[in-house]
Amino acid sequence: MTSPFRVRRLVVKVGSSLLVQPDGNVRKSWVDSLTSDLRRLRMRDTEVIVVSSGAIALGRRVLGLPAGTLPLEQKQAAAAVGQIRLAAAWADSLAVHDLPAAQILLTLDDTEARRRYLNARSTFAALLAQGAVPVVNENDTVATSEIRFGDNDRLSARVAVMASAETLVLLSDVDGLYTADPRRSPDAGHIPVVDEITPEIEAMAGGAGTAVGTGGMVSKLVAARIATRAGCSVVLTRGDSLHPLNAAEEGARSTLFRAKASPHGARKHWIAAALGVSGVVVVDEGAARALLAGSSLLPAGVRSVEGRFERGDAVLIRSLDGRDVAKGLIAYDAEDAVKIVGLRSHDIERTLGYRGRDELIHRDDLVLL
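Residues numbered from 1 in each chain as written. Predicted model: local features only at pLDDT ≥ 70, side-chain atom pairs only at ≥ 80, totals over all residues. Heavy atoms only, no water.

The next point concerns the overall build of the chain. A count of helical and extended segments in the chain gives 14 helices and 15 strands. Here the C-alpha atoms of the chain give a radius of gyration of 22 Å, agreeing with the 21 Å that 2.2 N^0.38 yields for 369 residues. Based on the C-alpha atoms only, the size of the chain along its principal axes is roughly 70 × 40 × 40 Å. Within the chain, buried positions represent 50% of all 369 residues. Taking as baseline every contact in the chain between residues at least 6 positions apart, the subset at least 24 positions apart corresponds to 72%. (Helix = DSSP H or I, 4+ residues; strand = E, 2+ residues; numbered from the N terminus. Rg over C-alpha atoms; globule rule 2.2 N^0.38 Å. Buried < 20%, exposed > 50% of the residue type's maximum accessible area, 1.4 Å probe, protein only. Contact = heavy atoms within 4.5 Å.)

Below is the structure:
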């Protein structure tokens, strides 16, 4: 079996208890060791995304807020202060390895509203193509109790799905899944591999972990379910030692939640089976042949556009003889799509007044029928 660390794209989730010391300061030596691990992955062409907790924990100390649960407005205030320090810690440490850091703040709506989802997905792709390391956190300064992820385990799974990552690594204060809480049950057995998250597996989850973080084994299983269903394997391992990714790859105890499909295959299945169509794009014979050969759909090959749709909606791609060739997520709304029918990509900006995507439907967002 291929190592879950030898992949094209990997997401690593870092919890507050790993990154922030009890006195409220960043564990600099630990962060530096992790960014060294990330540099090693980048050197072998694995793109990396970090999902990092810690903003509230860092801001709490600066504002002098008490220990324990905080009301939402104080959490948001602490996040506003702590996010600056969190971003600086990552940027400074990554810069040592000549890795540009990028900050992305997300809310749950950004991963569920299709237009925002596509915008965020495109941003991740652009940053990774330029060699940057996106550092993601929940946008705690504006999120409300109704739209919060609640913990960064689930956020990291959503990010992994959004970015089509093959592996998500959850760095935690436990070294995997056990048959019971090992801190309370000395006879608890470690489970190295989970092929399917069954009710029996779910029953093994305990409560929340350390006082600094908000996640527990329940949230980690939820994250694993989200990710594995979308074709992303999940590695749950202890992260409090230096160079935790190196240690995990070299055999440190962990639990691997196996994905049953690739991210590419899972995304194609979602487009084909789960989305209703809002319009039809009719293409010429050359464009139809190009699609069958694996190309994206460019405006130059389009003859007409039918229906009312927004950017990110699913549309059918139909040949001139009436065959439904493909289905995909369109990069323009109906009004703009009509305006660029038949145009070369370099003419789009002059026609629309802005620089959109070259493709009407990118091949990653398209499935043949």
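Let's pick the thread back up.
Moving on, we get to the pattern of salt bridges. All told, the structure shown has 20 salt bridges when counted by the stated rule. For R121, the salt bridge goes to D365, with nearest N and O atoms at 4.0 Å. One end of the pair, R121, is in helix 6 (residues 114-129); the other, D365, is in the loop between helix 14 (348-352) and strand 15 (366-368), with 244 residues separating them in the sequence. What makes R121 buried here is its relative accessible area of 12%. Through salt bridges with shared partners, a single ionic network connects R6, R40, R44 and E249. (Salt bridge = Lys/Arg side-chain N within 4 Å of Asp/Glu carboxyl O.)

Another point: the sheet that holds strand 13 (residues 314-319). Here 5 strands make up an open sheet; going across it, the order is 12-11-13-14-15 and the pairing mixed. Of all the strands in the sheet, the pair left with one neighbour each is strand 12 (302-307) and strand 15. Between one strand axis and the next, the sheet turns by 25° as a mean value, whatever way the strands run. Here 3 bridges tie strand 14 (residues 324-329) to strand 15, and the two strands are oriented antiparallel to one another. Note that in strand 15 the partner of K327 across the bridge is V367. (Pairing = 2+ DSSP bridges. Axes fitted to C-alpha atoms, helices over the stretch in contact; angles between N-to-C directions.)

What follows deals with the nonpolar core. Across soluble globular proteins, nonpolar side chains have a tendency to be buried as a group. Ranked by internal contacts, the top residues of the largest apolar core, which has 41 residues, are V11, I49, V136, V159, L168, L177 and F257. Among the elements of the structure, strand 2 (47-52), strand 3 (101-106), helix 6, helix 7 (152-162), strand 5 (167-172), helix 9 (217-229) and strand 9 (233-238) are those that each provide at least two residues to this core. With near-sequence residues (within four places) excluded, V136 lies in contact with I49, V50, V51, S52, I104, L106, F124 and V159. Counting residues in each nonpolar core, the second largest holds 30 residues, with V50, V169, L171 and V235 among its members. (Core = buried A, V, L, I, M, F, W, Y, C linked by side-chain atoms within 4.5 Å.)

In a packed pair of helices, the relevant descriptors are the angle between the two axes and the axis-to-axis distance. Two numbers describe how helix 7 lies on helix 9: the axes approach to 8 Å, and their chain directions differ by 10°. One way to sum up the angle between helix 7 and helix 9 is to call them roughly parallel. For the pair formed by helix 7 and helix 9, the contact residues are D153, R154, A157, R158 and V161 on the first element and S219, K220, V222, A223, I226 and A227 on the second. Taken together, the residues of the contact of helix 7 with helix 9 break down into 6 nonpolar, 1 polar and 4 charged. (Parallel < 35°, antiparallel > 145°, perpendicular 65-115°, else oblique. Nonpolar A, V, L, I, M, F, W, Y, C, P; charged D, E, K, R; others polar.)

Trans peptide bonds make up most of the peptide bonds, and negative phi angles are found at most residues other than glycine. Unusually for a residue other than glycine, D45 sits at a positive phi of about 70°. By the element assignment, D45 lies in the loop between helix 2 (28-43) and strand 2. Residue class for D45 comes out exposed when judged on its relative accessible area of 63%. Positive phi is not limited to glycine here, since S164 has a value of about 55°. Tracing the backbone through its elements, the reader meets S164 in the loop between helix 7 and strand 5. Under the relative-accessibility criterion, S164 is labelled buried at 11%.

Bringing the sheet that holds strand 2 into the picture now. Each strand in a sheet pairs with another by means of backbone hydrogen bonds, the pair being arranged parallel or else antiparallel. Strands sit in the order 3-4-2-1-5-9-10-8 across an open sheet of 8 strands; the sheet is mixed. Each of the sheet's edge strands pairs with one partner strand only, and the pair in question is strand 3 and strand 8 (193-194). For strand 9 and strand 10 (residues 254-257), the ladder comprises 4 bridges, and the chain directions are antiparallel. Pairing of V235 across the sheet is with L256, part of strand 10. Helix 9 rests against strand 5, strand 9 and strand 10 of the sheet, and its axis sits at about 155° to strand 9.

This part is about the pairing of strand 10. Residues of strand 10 alternate between two faces, with S254 and L256 on one and T255 and F257 on the opposite face, all of them buried. Direction of pairing for strand 8 relative to strand 10: parallel, over a ladder of 2 bridges. Bridge pairing links V194 to F257 in strand 10.

For helix 12 (residues 285-292), the complete set of buried residues consists of A287, A288 and L291. The arc enclosing the buried residues of helix 12, seen along the axis, measures out at 100°, which places them on a common side. Opposite the packed face of helix 12, turned more than 90 degrees from it, sit the exposed residues E285, R289 and L292. On its buried face, helix 12 sits against strand 11 (277-283), strand 13, strand 14 and strand 15. With a side-chain oxygen positioned 3.3 Å from the backbone nitrogen of G286, the residue opening helix 12 is D284. Phi turns positive one or two residues past the end of helix 12, at G294, with a value near 105°. (Arc of directions from axis to C-beta. Polar contact = N/O pair within 3.5 Å; in protein donor to acceptor, adjacent residues only side chain to side chain.)

Fair warning: the whole summary comes from geometry, so function is off the table for now.
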